[in-house]
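Chains, contacts and geometry: an overview
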Amino acid sequence: MGGGGGGDGGYQARQDEIERKKAAARSRLNAMFGVSTAGPAAFSTAGRPGFLNNVGGEVAASLGGSAGGDTTGADEAAANKAARDQLYSQVRDNAFTAGKRGFDEQKTSATRNNKFALFANGLQGGSVDIDQNALLDRTYKQGLLDLGAKADATKADMMGNDEQTRLGLLQSIDAGMDEGSALSSAMNQMKVNSDRATAQAQGTALGDLFGNAGLLYTKNQASQGAQAAGDWWKNYNRGRSTPNTGASGSVYNGRI
Amino acid sequence: MAAYAPYLLMAAGTAADVVGQRNANSERRDIMNRAMEKTAQNQDRATKQVLAEGSNYGTKRLTDVATQEQSALAQALKDVGGGTPQEGAGAQVINGAGDAGQVSGDYLKAKADRAISEGDRLTSVARELAKVRAPGQLMTAEGMRRSDLTEQLGSAASTNRNQAQAASQDAQAVEAPWYGQLGKVASTIGGLWAATGGMGGGSKPDPYSINPKGVRLGDPAPRIRF
């Protein structure tokens, strides 16, 4: 006896075809983002350890077809991954260099001021000279470490945004966005993320670290400032029968 | 023998109908079972993926953190001008204000000592910072990996659901086979045949007959005998 009649499995065949197309679109999109669905060999786990193969490939395999996980797709994914890694590295370098440029100028200025202060105090060639310059260098290196952290954050931000974009687009494919629209949207969003990262890279400044480092010239400047304030205060109160203490706030109103 | 023909036809038709229905039901069950099998395979695959992700949080995590620390330390040393995680930053260059002039040997010795100690300090600071930063960097990578996994599982679930719906529709669309439908028709015909006593085998009903004795309208009234 044969089986039942009618019911030719048409719905499943059509659904399988839809899923196969979705898997192919997912595979292509992943390849654009440097994620291979062909196998772990084509996808380096250096940046993201333990990343799993995309399930699209497995769905395609279960459907008896290929989700674009062919050699060409793997090559494309590998090339895109290399390009993206280079881009992330470049964004980090840009962020670091942009911050370092201003910081180097600050260091040059601080070194000069420090040298003047050492000479002015007759402390050159002594232990204070070594202490002061060691402190200057220490402050500079600490600043570079902080800059590195900021640059890392910029890079991580961009990577996170790209990953968010990829996952959002994969969801869109599942929800029914066609392959062409998904790829177009991916390109646009990647560009937006890249521009944003580049813009952020310009803003990795540290402020004046040397000003608060306790270097000799800043101490001199501080003492000079205190001296100037004291002189002004004495001059302000000169000739008064009841000198203004400024502490109560009742007489001194802040106007100079 | 001819008198049994309608009953035979009815019985054969009913049997064919029953077998047809049974086979159709079997076909429906097969479709749903295949779908369930596919769902079970996808579920197994998803479970494996989740367990593989979970395995990253055991003892391997210690190794991952250590690897990330080395990476962060190497990057930090590169940022400050060189050195390797194994050898450290090395002695730092200290440019004294009095270097250009006459300086004592003690000064040079103190400066050299300080260059080494500052290098050690810098290496130590970079290592501490790497220890602080590595967990965060690792968690960022893990977060992206988990997002990827979640999306994959969601996609697989969506595929599963769609395929299950398609299988259900296919199962609903299964019809009885041709012999079942033929049997149903044969059974109906047999039933009608049996009800009329068999084709050509019974007397035609007389539209005028009003009683079993064949008294007709217009006949003289029967005599009543007492």
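Description of the structure in this document. Source: prediction; values computed, not measured. The residue numbers shown here count from 1 along each chain, following its written sequence. For naming, the first written chain is A and the first written ligand is 1, with later ones following in the order written. Local features are withheld for residues below a pLDDT of 70 in this predicted model, meaning they are given only at 70 or higher, and side-chain atom pairs are given and counted only at 80 or more; totals for whole chains, interfaces and linings count all residues.

Here we come to the overall build of chain A. The helix and strand labels rest on DSSP assignments: H or I over at least four residues marks a helix, E over at least two residues marks a strand, and numbering proceeds from the N terminus. When helices and strands are counted, chain A shows six helices and one strand. Seen in sequence order, chain A has helices and strands lined up from the N terminus as β-α-α-α-α-α-α. Split into buried and exposed, the 256 residues of chain A put 38% on the buried side. Across chain A, every contact between residues at least 6 apart in sequence was considered, and the portion connecting residues at least 24 apart equals 80%. Buried means a residue has 20 or more other C-beta atoms within 10 Å of its own C-beta, exposed means 12 or fewer, and partly exposed covers the counts in between; C-beta atoms are placed from the backbone. We call two residues in contact whenever the C-beta atoms placed from their backbones are within 7 Å.

So, on to the interface of chain B and chain A. Interface size is commonly expressed as the accessible surface area that is lost when the partners come together. Across the contact, 57 residues belong to chain B and 51 residues belong to chain A. Of all the elements in the fold, those that place two or more residues in the side of chain B that touches chain A are α1 (5-54), α2 (60-79), α3 (105-172) and β1 (174-175) of chain B. Ranked by residue count, the leading element in the side of chain B that touches chain A is α3(B), at 29 residues. Throughout, the ten residues Ala, Val, Leu, Ile, Met, Phe, Trp, Tyr, Cys and Pro are labelled nonpolar, Asp, Glu, Lys and Arg are labelled charged, and all others, Gly among them, are labelled polar. Here the side of chain B that touches chain A is built from residues that sort into 25 nonpolar, 19 polar and 13 charged.

All names here are of chain B. Between the first and last residue of a helix there are one fewer steps than residues, each counted as 1.5 Å, and that sum is the expected span. Given a rise of 1.5 Å per residue, 18 residues ought to cover 26 Å, and the 26 Å separating the end C-alpha atoms of helix α4 (residues 178-195) matches this to within 8%. Listing the buried residues of α4 in full gives Gly180, Gly183, Ala186, Ser187 and Gly190. Buried residues of α4 fall within an arc of 115 degrees about the axis and therefore sit on the same side. Counted as exposed and oriented over 90 degrees from the buried face of α4: Trp178, Val185 and Ala195. Next to the buried residues of α4 lie α1. Each direction from the helix axis to a C-beta atom contributes to the arc, which is the arc of those directions.

Our focus in this paragraph is the nonpolar core. We call a set of buried Ala, Val, Leu, Ile, Met, Phe, Trp, Tyr and Cys residues a nonpolar core when their C-beta atoms link them within 7 Å. Residues Ala76(B), Val80(B) and Ala126(B) are the most contacted members of the largest nonpolar core, which totals 36 residues. Of all elements in the fold, only α3 (71-120), α4 (127-175) and α6 (216-237) of chain A together with α2 and α3 of chain B reach the threshold of two or more residues within this core. In terms of residue count, the dominant contributor to this core is α4(A) (nine residues). Beyond its immediate stretch of four places on either side in the chain, Ala126(B) contacts Leu145(A), Leu73(B), Ala76(B), Leu77(B), Val80(B) and Ala89(B).

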